[in-house]
Each structure stands twice: as C-alpha cells, then as structure tokens.
Amino acid sequence: MHQSENIVIVGGGPVGMVLSLLLAKKNIASTLLEARKQGAANQDTRALALSFGTRKILEKLGIWQALAPHATAINTIHVSQKGSMGRSVLHAHDYNQEALGYVLSYGALCAALNAEVMQFPMIQFIDEAQAEAITHSATCATVRYNRHGELSQLESALAVLADGGRSLEEVPGLKRDTKEYGHDALITKVRAELPHNNIAYERFTANGPMALLPNGERDFSLVWTGKKELIAPLLSVSDTEFLTQFHAQFGDRVGRFLSVEKRMTFPLKLSQLQEGDTPHLVVIGNAAQTMHPVAGQGFNVGLRDAEVLARHIADTAIELGGQAMLAAYRANRKTDTKNGLLFTDFLVNIFSNDILGISALRSAGLGLFDLVKPVKRHLVSKMSFGK
Ligand SMILES: Cc1cc2nc3c(=O)[nH]c(=O)nc-3n(C[C@H](O)[C@H](O)[C@H](O)COP(=O)(O)OP(=O)(O)OC[C@H]3O[C@@H](n4cnc5c(N)ncnc54)[C@H](O)[C@@H]3O)c2cc1C
C-alpha cells in the first residue's frame, strides 16, 4: 500500500496526459497510471479533429509549436446532403479565426505529450500499469493496479478516471446512460484527384453521415458511418470497389478517388455519466462522455474537462476531492457536455432520417442556415470553444 500525496490519474491517453501537464504547470504533482508501454500510442494514425479552442489549450501547454508541422488546418467546412441541392459553407476568415479547426493524428499528439510529460519530475508516469479497481471512502479514493503481475495500490484525496471508458465499468457509484446507435464508423485515409485546399466535408446521407477531413499535403481522413450491416462489408471489398462505392456516396467535389489505406471500423455509441455519488473520484474525457464522431466534438469536450478540472484542483480555498469541489466541477462541465451530446445526437437523427418530407425540409434548412449569419456564428463558436 502506498499513500500518495499526488493526484492519481488512471489513463495516460491525451486527456490524462494533458491534465497532468496542466497540473504540473501549476506546481501540482500527479501520478499517471497507463496500461500500455509508454510511447505505444505514438504510431496510432487515427485522425483527431481539433477545435480552435483545443489549439489554444495546447498553446498554453507550450506544445502546439511541436505539433503544428503535423497538423492540417481546416479553413473551410462544406456541409451537404446526398440527393439535395441544399448546402452550407463556413469560412474561417468570416469569424476572424486563423482556422476553424485542425486535423492531427492521435499518434503525433501522444508523442508530443509523452515528450513533455518526461520534462516534469512532478509527474510520475507509471506505464504498463493496468488499473483493476477503484474504490472510494469518506476520506480518499483507492486505485488498485497490476504491473507485470505485481499488485499495488495508491490512495489519494482525488483519483481521476481518464481511461477512455473502455476498462473500468464496475466502479461503485458510477453509472452510465448508453445509447447504442447500431451504427459503425469506418476510418481510413484516401487520396483524391484534386487537392483538398484545407476544406473539410461533412456529408449527410440517408444511411448516416460521413466526414472527409484534409490530412497532410494530399490526403484526406475519412470517417464513414452507417448501419453495421452496410459498413461491415466495406472492410472486405477490394480497394477499387471501395473507392467506387465511396465516390457514389460522396459525389464529385474532389474528383475521382485514387487510393485508400488500411480500413478499420468501430461501433458508435452515445454514453454519458449519470449523476452519481463517487466521493474523491472524478471522470473525464471519453470515459465521461462518448459521442458520435459526426461533428468532431468528442476529443475537444474531453480536453475542456481536463482544463476545467485543473482549475478546480488548483483552487486551494476548497477541499481537494471533497463534495463541494466535485459538485462545483460537475456543475461547471454540465452544460458543455450536454450540449455536445445533444448537438451530435440531433445531427445524427435529423440527417439520418428518410421519412418523406424530412429530406426536403433538411435541404431547405441547410440552404436557409447558409443565409443566417448569427446562427452560423453561434455554431462556429460552439464548435471552436464549446461556448
Ligand atoms: C477505435 C477508435 C477510433 C476513433 N477514431 C476517432 C476519429 O477518427 N476521430 C476522432 O475525432 N475521434 C476518434 N475517436 C475518439 C477519440 O479517440 C477520443 O475522443 C479520444 O481518444 C479521447 O481521449 P481520452 O484520453 O479520453 O481516451 P483514450 O484516448 O481512449 O485514452 C485512454 C488511455 O487510458 C488507458 N487505459 C485504459 N484502461 C486503463 C486501465 N484500466 N488502467 C490504466 N490505463 C488504462 C489506455 O491505454 C489509453 O492510453 C476514436 C475512438 C476509438 C475508440
């Protein structure tokens, strides 16, 4: 048993690492428990959509400079619907922003964060440490973990669960509402005949939305979502057949598609924490809320969790990990999280509905939305900063 003075963070993914860095910058020590070997995620090519607000957080941490060469700016977002003329276009320059967002690989982000974490002796990074249970009492939280077959435990006034929501389901007091969409997301990279010109495309079809994000000089990252039975076969068709089918759904905006990289799928769900009683434990990032990737909100909401939590932890006027602190943090995050979940769920439902008449309404809606500047401004602010 080891009594820790530190804040214990379970999960050294991007959200957990950002929290430890934000704390270190405020002179607060933390212990990061990460199941994988440190650096194991550095080769992960999954593309994350970063909002402009996320860039600001990474700038504050001083790592944006190292990331900028690996990030592709989104200067324009083009939203359209298959089978209709309605469309909407958002330009960064209309909102006095350098970019509407950025596309960055998960691996490049983790590599930069890992390197930065190593610079701070007050961050203790314990890799290959699989947390197996978290319990809490009136005075502390206890995290039990397994490292190379040896069991250890840490006690802390505050444990933070940032495990991506995929491992520790059985924490007392922790309950999630989960809605399975029955949809999968297929992710891959494609190259098109025409350059991307830093335009991201959101395309809604009756089967589900797809996003084509500029990534690197010539490539696009594709997120193609739809019913499992329609998406699963796309893994086994030939590259040529895949590109033909994709072209038929996406249309001609960037010409023909020339090549596709390795394809993978994952199931889509919407998941959020219920109000629960978990003294001395707080949950952030994907572990706290999982969203459909349609609007690229999930990771950004998770990073804002870390930013807000770091501020609450640094507030010495309030007991660390006590009821008052946890209640204040949850109240602070409630609206942003709820809006992110509602917004993405709304988009999925309204655009994936094939009821007669709704399609025409959507089309008119996109056209009208394109004309109403304050509504667009609100949307850009929401997507960029969560406000
Ligand atoms: C397969 C997949 C594909 C995705 N693709 C996209 C995409 O294309 N675009 C997009 O914007 N978003 C995508 N997402 C979502 C995106 O990855 C998340 O929003 C983001 O990673 C959240 O960061 P996080 O730090 O909260 O969680 P994670 O990135 O999941 O990090 C959690 C960390 O905790 C560690 N961990 C887990 N359990 C334990 C344990 N018991 N003990 C110790 N450590 C533990 C893990 O090893 C991991 O390092 C995808 C998610 C998945 C699962």
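Residues numbered from 1 in each chain as written. Predicted model: local features only at pLDDT ≥ 70, side-chain atom pairs only at ≥ 80, totals over all residues. Heavy atoms only, no water.

Trainee: Teacher, can you tell me more about the packing of aromatic side chains here?
Mentor: All chains considered together, the criterion is met by eight aromatic pairs. Ring geometry for phenylalanine 250 against phenylalanine 257: centres 5.9 Å apart, planes inclined by 70 degrees, an arrangement best described as edge-to-face. Feature note: the residues Tyr201, Phe220, Trp224, Phe242, Phe246, Phe250 and Phe257 constitute an aromatic cluster, connected by ring pairs. In this structure, arginine 46 is placed above the aromatic ring of tyrosine 106, and the distance from its NZ or CZ to the ring centre is 4.3 Å. (Phe/Tyr/Trp six-rings, centres within 6.5 Å; stacked < 30°, edge-to-face > 60°. Lys NZ or Arg CZ within 6 Å of the ring centre and 35° of its normal.)

Trainee: Please clarify how the side chain of glutamate 307 should be interpreted in this entry.
Mentor: Tracing the sequence through the fold places glutamate 307 in helix H7 (residues 298-314). The exposure class of glutamate 307 is buried, given its relative accessible area of 17%. Excluding anything up to four places from it in sequence, glutamate 307 contacts Leu22, Ile57 and Lys60. (Helix = DSSP H or I, 4+ residues; strand = E, 2+ residues; numbered from the N terminus. Buried < 20%, exposed > 50% of the residue type's maximum accessible area, 1.4 Å probe, protein only. Contact = heavy atoms within 4.5 Å.)

Trainee: I'm lost on the site of the ligand in this one. Help?
Mentor: With respect to spatial proximity, 29 residues lie near the ligand, and among them Glu34, Arg46, Ala47, Tyr106 and Ser167 are the closest. In the model, a nitrogen atom of the ligand is placed 2.9 Å from a nitrogen or oxygen of the serine 167 side chain. Of all the secondary-structure elements, those providing two or more residues to the shell around the ligand are helix H1 (14-25), strand S4 (47-51), strand S10 (129-136) and strand S19 (264-273). (Near = heavy atom within 4 Å. Polar contact = N/O pair within 3.5 Å; in protein donor to acceptor, adjacent residues only side chain to side chain.)

Trainee: When you look at unusual backbone geometry in this model, what are you seeing that I'm missing?
Mentor: Backbone geometry follows two general trends: most residues other than glycine have a negative phi, and most peptide bonds adopt the trans configuration. Positioned with a positive phi, asparagine 96 is a non-glycine residue whose angle comes to about 50 degrees. Within the fold, asparagine 96 resides in the loop between strand S7 (87-91) and strand S8 (101-105). The class for asparagine 96 is exposed, based on a relative accessible area of 75%. One non-glycine residue, histidine 280, lies in the positive phi region at around 65 degrees. Along the chain, the position of histidine 280 falls in the loop between S19 and strand S20 (281-283). In this structure histidine 280 comes out as buried when scored by relative accessible area, which is 4%.

Trainee: Can you walk me through the sheet that holds strand S2 (residues 7-10) in this structure?
Mentor: Adjacent strands of a sheet form backbone hydrogen bonds with each other and so pair up, either parallel or antiparallel. Spatially, the five strands line up as an open sheet ordered S9-S3-S2-S13-S20, and their pairing is parallel. Where the open sheet ends on each side, the last strands, each with one partner, are strand S9 (123-126) and S20. Geometrically, the sheet is characterised by an average inter-axis angle of 20 degrees between neighbouring strands, direction not taken into account. (Pairing = 2+ DSSP bridges. Axes fitted to C-alpha atoms, helices over the stretch in contact; angles between N-to-C directions.)

Trainee: Even after reading the chapter, I still don't get the pairing of S8, so can you show me in this structure?
Mentor: Residues in a regular strand point their side chains to alternate faces of the sheet. Most of S8 is tucked away: five of the five residues are buried. Along S8, one buried face is formed by Gly101, Val103 and Ser105 and the opposite face, lined by Tyr102 and Leu104, is buried too. Note that S4 and S8 share five bridges and pair antiparallel. From the neighbouring strand, leucine 48 faces S8, where its bridge partner is leucine 104.

Trainee: What is the right way to look at the sheet that holds S4 in this model?
Mentor: The three strands lie next to each other as S4-S8-S5, forming an open sheet whose pairing is antiparallel. Every other strand in the sheet has two partners, leaving S4 and strand S5 (72-74) as the edge strands with one partner each. With strand direction ignored, the average angle separating the axes of adjacent strands in the sheet is 30 degrees. Contacts between helix H2 (residues 52-60) and the sheet are confined to S4 and S8, with S4 contributing the most and set at about 90 degrees to the helix.

Trainee: How should I be thinking about empty space enclosed by the protein in this particular structure?
Mentor: Take a probe with the size of a water molecule and roll it over the atoms, and the empty space left behind shows itself. Tallying each qualifying case throughout the model produces two cavities of 30 Å³ or more. Estimates place the volume of the largest cavity at around 90 Å³. If you trace the largest cavity, you find 14 residues lining it, with Gly12, Glu34, Gly39, Ala41 and Asn114 closest to the centre. Within the lining of the largest cavity, the residues separate by chemical class into six nonpolar, five polar and three charged. (1 Å grid on protein atoms, 1.4 Å probe; cavity = no way out; pocket = protein on both sides within 12 Å on 5 of 7 lines; lining within 4 Å. Points joined across faces, edges and corners; volume = space filled by probe spheres on them. Nonpolar A, V, L, I, M, F, W, Y, C, P; charged D, E, K, R; others polar.)

Trainee: I'm lost on the packing of H2 against H7 in this one. Help?
Mentor: A pair of packed helices can be characterised by two numbers: the angle between their axes and the separation between those axes. At their nearest, the axes of H2 and H7 sit 10 Å apart, and the two run at 40 degrees to each other. Classified by the angle between their axes, H2 and H7 sit oblique to one another. Handedness of the H2/H7 crossing: left-handed. Packed against H2, whose contacting residues are Thr54, Ile57 and Lys60, the element H7 presents Phe299, Asn300, Leu303, Arg304 and Glu307 at the interface. A breakdown of the residues in the contact of H2 with H7 according to their chemical character gives three nonpolar, two polar and three charged. (Parallel < 35°, antiparallel > 145°, perpendicular 65-115°, else oblique. Left-handed = near helix turned anticlockwise from the far one by under 90°.)

Trainee: What exactly am I supposed to notice about the nonpolar core here?
Mentor: Across soluble globular proteins, nonpolar side chains show a tendency to be buried alongside one another. Membership of the largest hydrophobic core comes to 51 residues, with the highest contact counts inside it found for Leu19, Leu58, Val160, Ile284 and Leu309. Here this core gets eight residues from one element, more than from any other, and that element is H1. Sequence-distant contacts of leucine 19, defined by excluding residues within four places in its chain, comprise Ile9, Val160, Ile284, Ala306, Leu309 and Ala310. Residues Val8, Leu174, Leu281 and Ala288 belong to the second largest nonpolar core, which totals 20 residues. (Core = buried A, V, L, I, M, F, W, Y, C linked by side-chain atoms within 4.5 Å.)

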